[in-house]
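Listed below are the residues making up each chain.
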Amino acid sequence: MELLANLGDGFAIALSWQNIGLALLGCFLGTIMGALPGLGPSNGVAILIPLAFTLGLGATPSLILLTSVYYGAMYGGRISSILLNIPGDEPAMMTCLDGHPMAKKGMAGEALSLSGIASFVGAFLATWGLILLAPQLVKIALLFGPAEYFALFALAFMTLGGVSSTNQAKSAFAAALGLGLATIGVDTQTGVPRFTFGEVHLYDGLDFLVAIVGLFALSEVFIFLETRHGGSDAAGRKLTIGKLYPPVSMIRQTTPTMLRTSFLGFIAGVLPGAGASLGSFISYSMEKKLVDKEGTFGTGDPRGVAAPEAGNNAAAGGALVPMLALGVPGSGTTAVLLAVLLALNITPGPLLFSQNPDVVWGLIAALFIANFMLLAMNIPMVGLFTRVLMIPSRILMPIVAMVSFVGIYGISGSTFDLLVMIGFGVMGWGLRKLDVPLVPIILGTLLGNAMENNLRRAVTIDNGNWWTLFDSPLSIALWAIAIIGFVLPLIVGARVKAKMHQRRDEEGAISD
Amino acid sequence: MSDRIFGVFGIILAAGYVFAALAIEESFLSDAVGPKAFPLIIAAILALSGAVIALRPDPEPHWPAMARLAEVAAAVVVLILYAEMLPVAGFVIATAFAAAYLAWRLGSGPLETVAVGAGTSIGIYVTFHLILGLSLAKGPLGF
């Protein structure tokens, strides 16, 4: 009952005209960002964060805008997968397998609307999952002391590595790099400056928004400059959509698929570090094993479109659970959203639910609203979003770059921050070439201070005894999961990842 | 080879980090752990993972030819100039040039280059300054 009352309060907040307007704007922009090849939820949100700040929006409205972008981009990712066979980002990869063959059979409209419905089902069920699971997780989190929190942060980094890259050493390197960047600035406990090289601008530490926009948005521009000179992705291709609504029989056929994969995707999203890519992959694989008796998966089977889309949208919702309840994001984009919360002086974690219930419940209500808006927007208006795909990158990328600059300059008005952002852009470009994942860097920059503070508090409370970190059953359990999370992918992770790419390549090759 | 160089670079980075960490002055306020310990732990992870990367490199990544590399470098220079010129030339002028440069290098023709430059600059100015009231850098001409 209390849940429903809270949710009611949330809707009262989310249903103000300003918030509805922001949700609409976020859904629209998010779908576009997701649809454009190369841009996905994390860089979509990254580009728009500084704007939310410069507009001077409060905590709840900013969050509503940015989570609408997040959900919108998860919806939009399927459009270029289906029409062009180019996934906008990794979670949308599996949708290419059956979505593009369907489009080739002249069923692009049906594939788009079916995947829109699957996205809705996945995200809708995951939002309920969030409501039911997050408060339970908060109860466990209340048992956490500094030592347990330190172990939890370690767990987040160690499990993140296994999924975000095939190379554990590179993930560890990226995490350490991010943590190192977080130590720049005046030490909060003792007040001594660290790694500032006497530069006054660095006394406050690196602004993680600057790092995020540089790493995600600007590096994308450099990649385009390097690889797609004069190229356009969609221009010149004729995109026909055809019928906009799927037949009832197709919906009936795919309903069990959507329900099963929503559940699976949600679980994948809740696991720290796993996120939406894994959600769509295991959803597709499981569904193929379970129902593909005739071997039609990969040739344009509607169930093969519904499964990954329900799975990755459910995972997107699931990833919000640890982010809100523990302050440990479950995916790259939720790491970016965590940055938003921290920049708004809101600390996610168990106290968030008791101290800022308006933020939590307003956000959850907004997720429901955004989800309905996206469904309404994505089926009849899909033709409009498709036209966006025709904008060539040579026009789009300058706009992306300039908007990133405006956002950062609008927050700080400082040239120094812009130069740091360019530096991060170059670094992001180089690291992407070397296949070093960027998400652990962001996570390290974000969580570094909290991690260090918890470490120092834990050891100081126990009079300098470092074993205190491994003292309670809870922290031992967390360390154990962390180690399993780090070691297991060494054995199976690379295989899963390789299979994921191989399957796309193989089946993509057949359909082309 | 790239990974070997990268790994060695990681180790050097870790060494520099240790060096800088040891130079942090202790404060009279120090706690049981102090401001040096956490950076030293990070340095250890950095060095260790750097060593693993160097010893077990991935297959060589696809590096672009010199010409494309120069392309990226030139864009970086232009963006640095843009950041420096923003307070001097003002938002509208600086942005028009930077956006036009990027459009040109990404393959736009002369007409499109001018259109993208002017369009991006004016579009952002109208949306963010005139409609949303964001303060952008003023130039000598007052906009």
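Note that the coordinates shown come from a computational prediction; the quantities given were computed from them, not determined experimentally.

### Quick notes on the overall build of chain A
Helix and strand counts for chain A stand at 20 helices and 2 strands. Over its C-alpha trace chain A gives a radius of gyration of 22 Å, about what one expects of a compact globule, namely 24 Å for 512 residues. When the 512 residues of chain A are sorted by exposure, 66% land in the buried category. Across chain A, the fraction of contacts at a sequence separation of at least 24, relative to all contacts at a separation of at least 6, is 81%. Summed over its atoms, the accessible surface of chain A is roughly 17,300 Å², and 66% of this surface lies on carbon and sulfur atoms. Across chain A, 27 positive and 29 negative side-chain charges occur, with their mean positions spaced 10 Å apart.

### Quick word on the packing of helix H4 (residues 59-84) of chain A against helix H11 (residues 302-318) of chain A
Residue and element names in this part refer to chain A. Following both chains from N to C, one finds H4 and H11 inclined at 165 degrees, their axes separated by 10 Å at the closest point. On the basis of their axis angle, the class for H4 and H11 is roughly antiparallel. For the pair H4 and H11, the sense of crossing is right-handed. Between H4 and H11, the residues in contact are Tyr 70, Tyr 71, Met 74, Tyr 75 and Arg 78 and Glu 309, Asn 312, Asn 313, Ala 316 and Gly 317, respectively. Its residues assigned to classes, the contact of H4 with H11 comprises 5 nonpolar, 3 polar and 2 charged.

### Here we look at the interface of chain B and chain A
Frequently, the measure chosen for interface size is the accessible area that the parts lose on association. The interface of chain B with chain A comprises 66 residues on the first partner and 63 residues on the second. Summed over both sides, the interface between chain B and chain A buries roughly 5,500 Å², with carbon and sulfur atoms accounting for 79% of that surface. Counting the surface chain B buries against chain A, the share from its top three residues, B:Phe6, B:Phe38 and B:Leu106, is 14%. On inspection of chain B and its partner chain A, the count reaches 3 salt bridges. Our count for the chain B to chain A interface comes out at 8 residue pairs in polar contact (both at pLDDT 80 or more). At the level of secondary structure, the elements contributing two or more residues to the side of chain B that touches chain A comprise helix H1 (2-22), helix H2 (34-55), helix H3 (66-89), helix H4 (91-105) and helix H5 (110-131) of chain B. Of the residues contributing to the side of chain B that touches chain A, the split by class is 45 nonpolar, 12 polar and 9 charged.

### A few points about the side chain of A:Thr183
Tracing the sequence through the fold places A:Thr183 in the loop between helix H7 (168-182) and strand S1 (185-186). Among the polar contacts made by the side chain of A:Thr183, one reaches the side chain of B:Tyr17 at a distance of 2.6 Å. Those residues in contact with A:Thr183, other than ones at most four positions away along the chain, are A:Arg194, A:Phe195, A:Glu452, B:Tyr17, B:Phe38, B:Pro39 and B:Ile42.

### What to know about helix H17 (residues 393-412) of chain A
Between its terminal C-alpha atoms H17(A) stretches 29 Å, which fits the 28 Å expected from 20 residues at 1.5 Å a residue. When you tally the buried positions in H17(A), you get 15 out of 20 residues, the bulk of the element.

### Description of the packing of aromatic side chains
This model, assessed by the stated rule, comprises 19 aromatic pairs over all chains. Plain terms: the ring middles of A:Phe120 and A:Phe124 are 5.5 Å apart, the flat faces sit at 20 degrees to each other, and that makes the pair stacked. With A:Phe120 and A:Phe124 both in helix H5 (residues 95-141) and 4 residues apart, the pair spans about one turn of that helix. Given a relative accessible area of 14%, A:Phe120 falls into the buried group. Residue A:Phe124 is classed as partly exposed on the basis of its relative accessible area of 24%. Of the aromatic side chains, those joined through ring pairs into one cluster are A:Phe11, A:Phe120, A:Phe124, A:Trp128, A:Phe368 and A:Phe372. Here B:Arg105 stacks its cationic end above the ring of B:Trp104, 4.5 Å away from the centre of that ring.

### With respect to the packing of helix H3 (residues 41-54) of chain A against helix H8 (residues 208-227) of chain A
Residue and element names in this part refer to chain A. Where H3 meets H8, the closest approach of the two axes is 9 Å, and the angle between their N-to-C directions is 135 degrees. Classified by the angle their axes make, H3 and H8 are oblique. Here H3 runs over H8; the crossing is left-handed. Contacts between H3 and H8 involve Ser 42, Asn 43, Ala 46, Ile 47, Ile 49, Pro 50 and Phe 53 on the former and, on the latter, Leu 209, Ile 212, Val 213, Phe 216, Ala 217 and Glu 220. Grouping the amino acids of the contact of H3 with H8 by side-chain chemistry returns 10 nonpolar, 2 polar and 1 charged.

### A look at the pattern of salt bridges
Summed over the entire model, instances satisfying the criterion amount to 13 salt bridges over all chains. In this structure, the salt-bridge partner of B:Asp3 is A:Lys170, at a minimum N-O distance of 2.9 Å. Linking B:Asp3 in helix H1 with A:Lys170 in helix H7, this pair reaches from one chain into another. Assigned by exposure class, B:Asp3 and A:Lys170 land together as buried. Two residues, B:Glu112 and A:Arg394, come together in a salt bridge whose shortest N-O distance is 2.5 Å. Highlighted residues: B:Glu112 in helix H5 and A:Arg394 in helix H17, drawn from two different chains. Residue class for A:Arg394 comes out buried when judged on its relative accessible area of 18%. A single network of salt bridges, built from pairs that share partners, joins A:Asp187, A:Arg194, A:Glu452 and A:Arg456.

Rules and cut-offs
Residues numbered from 1 in each chain as written. Chains lettered and ligands numbered in written order. Predicted model: local features only at pLDDT ≥ 70, side-chain atom pairs only at ≥ 80, totals over all residues. Heavy atoms only, no water. Helix = DSSP H or I, 4+ residues; strand = E, 2+ residues; numbered from the N terminus. Rg over C-alpha atoms; globule rule 2.2 N^0.38 Å. Buried < 20%, exposed > 50% of the residue type's maximum accessible area, 1.4 Å probe, protein only. Contact = heavy atoms within 4.5 Å. Areas by Shrake-Rupley, 256 points an atom, 1.4 Å probe, with all protein chains shown as cover. Lys, Arg positive; Asp, Glu negative; His and termini not counted. Charge placed at Lys NZ, Arg CZ, Asp CG, Glu CD. Axes fitted to C-alpha atoms, helices over the stretch in contact; angles between N-to-C directions. Parallel < 35°, antiparallel > 145°, perpendicular 65-115°, else oblique. Left-handed = near helix turned anticlockwise from the far one by under 90°. Nonpolar A, V, L, I, M, F, W, Y, C, P; charged D, E, K, R; others polar. Buried area = accessible area lost by both parts, 1.4 Å probe. Salt bridge = Lys/Arg side-chain N within 4 Å of Asp/Glu carboxyl O. Polar contact = N/O pair within 3.5 Å; in protein donor to acceptor, adjacent residues only side chain to side chain. Expected span 1.5 Å × (residues − 1). Phe/Tyr/Trp six-rings, centres within 6.5 Å; stacked < 30°, edge-to-face > 60°. Lys NZ or Arg CZ within 6 Å of the ring centre and 35° of its normal.

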